[in-house]
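Here are the chains, one letter per residue:
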Amino acid sequence: MAQTATTADRVVDGPTPKHAQLREILRRSIERELPPGSPIPSERELAERYQVSRLTVRSAIGKLVEEGLLTRARGKGTFTATRRMELQLYLMSFTDDMRRRGLTPATELLHCGLENPPVETAGALGLGPREPAYRLVRRRRADGTPLAVERGWYHPGRVPGLPDLDLTSSLYAQLAQHYDLRLDHARQTVWSEAADRETARLLGIRTGDPLLVFRRVSSASGVPVEDMTSWYRGDRYQVSMQLDRTVPAEHGGNP
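An account of the accompanying structure is given in this report. (Residues numbered from 1 in each chain as written. Predicted model: local features only at pLDDT ≥ 70, side-chain atom pairs only at ≥ 80, totals over all residues. Heavy atoms only, no water.)

## So, the environment of R23
Here R23 is to be found in helix 1 (residues 18-32). Distance in space between the C-alpha atoms of R23 and K63 is 7.6 Å, their sequence separation being 40 residues. Those residues in contact with R23 that sit more than four places away from it in its chain are A60, K63, L64 and E67. (Helix = DSSP H or I, 4+ residues; strand = E, 2+ residues; numbered from the N terminus. Contact = heavy atoms within 4.5 Å.)

Here is the structure:
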């Protein structure tokens, strides 16, 4: 964190609280100079550099931690946080999305087999009572880092023999190649929740850490194929949406 003598990088007496001035100085340094994972100076060093109290430093750093720009590691210090990826809400495979970002995607198949789905999933896929579906569980990585866990259900009549496919590659590409299915419509619901023990283990995070959860029911030419729920690490993703004043039409039934 470079030390400069410009007015913009000094904490001065005035109407703006000193902790707010220091917070903006640190924010500029983080965003312009420091790559993710870089340590920042100690509270004592920052207090001496900017001629403020350690309480002022602590307040500024605490706010930046709340905003996700900094992260604390017990016994090690404070570091710049890994930048969150923008997760835009459009119909694209994880593999294609990561490649578009210049990252190397990888997929681990954790489970695939016929099981009885929950009632809600059976309804979404148009299955009859006690009719089984393929349950697929995969872990998704980018540049070796686990980012998401997917637990999905697939209509067996639309994708017969699904377990025989290479499910460590792009599933959407496999559906197009083997079944001539191109998912062209989906209804997606987004919420947040705390990681349970199993999901935390798979993602390499702590139980209770925040997750972004997406449930998507996808169809091809009006025929439901997929009911997928994905758990994304909250420290690596943020959702980006474009809004306008158009009122959405009411929907009935499943996509």
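Once you've had a look at it, read on.
## Description of the nonpolar core
Core analysis: the biggest nonpolar cluster contains 17 residues, and L22, L26, L46, Y50, V57 and I61 have the highest contact counts within it. Among the secondary structure elements, those contributing two or more residues to this core are helix 1, helix 2 (43-50) and helix 3 (54-66). When residues no more than four places from it in sequence are discounted, the contact partners of L22 are V11, Y50, V52, T56, V57 and A60. Core analysis: the second largest hydrophobic core is formed by 16 residues, V159, Y179, L183 and V225 among them. (Core = buried A, V, L, I, M, F, W, Y, C linked by side-chain atoms within 4.5 Å. Buried < 20%, exposed > 50% of the residue type's maximum accessible area, 1.4 Å probe, protein only.)

## As for the packing of helix 1 against helix 3
Interhelical geometry of helix 1 versus helix 3 gives an angle of 50° and a closest axis separation of 8 Å. As judged from the angle between their axes, helix 1 and helix 3 are oblique. As for the relative orientation of helix 1 and helix 3, their crossing is right-handed in sense. Residues K18, H19, L22, R23, L26, R27 and I30 of helix 1 lie in contact with helix 3, whose contacting residues are T56, V57, S59, A60, I61, K63 and L64. (Axes fitted to C-alpha atoms, helices over the stretch in contact; angles between N-to-C directions. Parallel < 35°, antiparallel > 145°, perpendicular 65-115°, else oblique. Left-handed = near helix turned anticlockwise from the far one by under 90°.)

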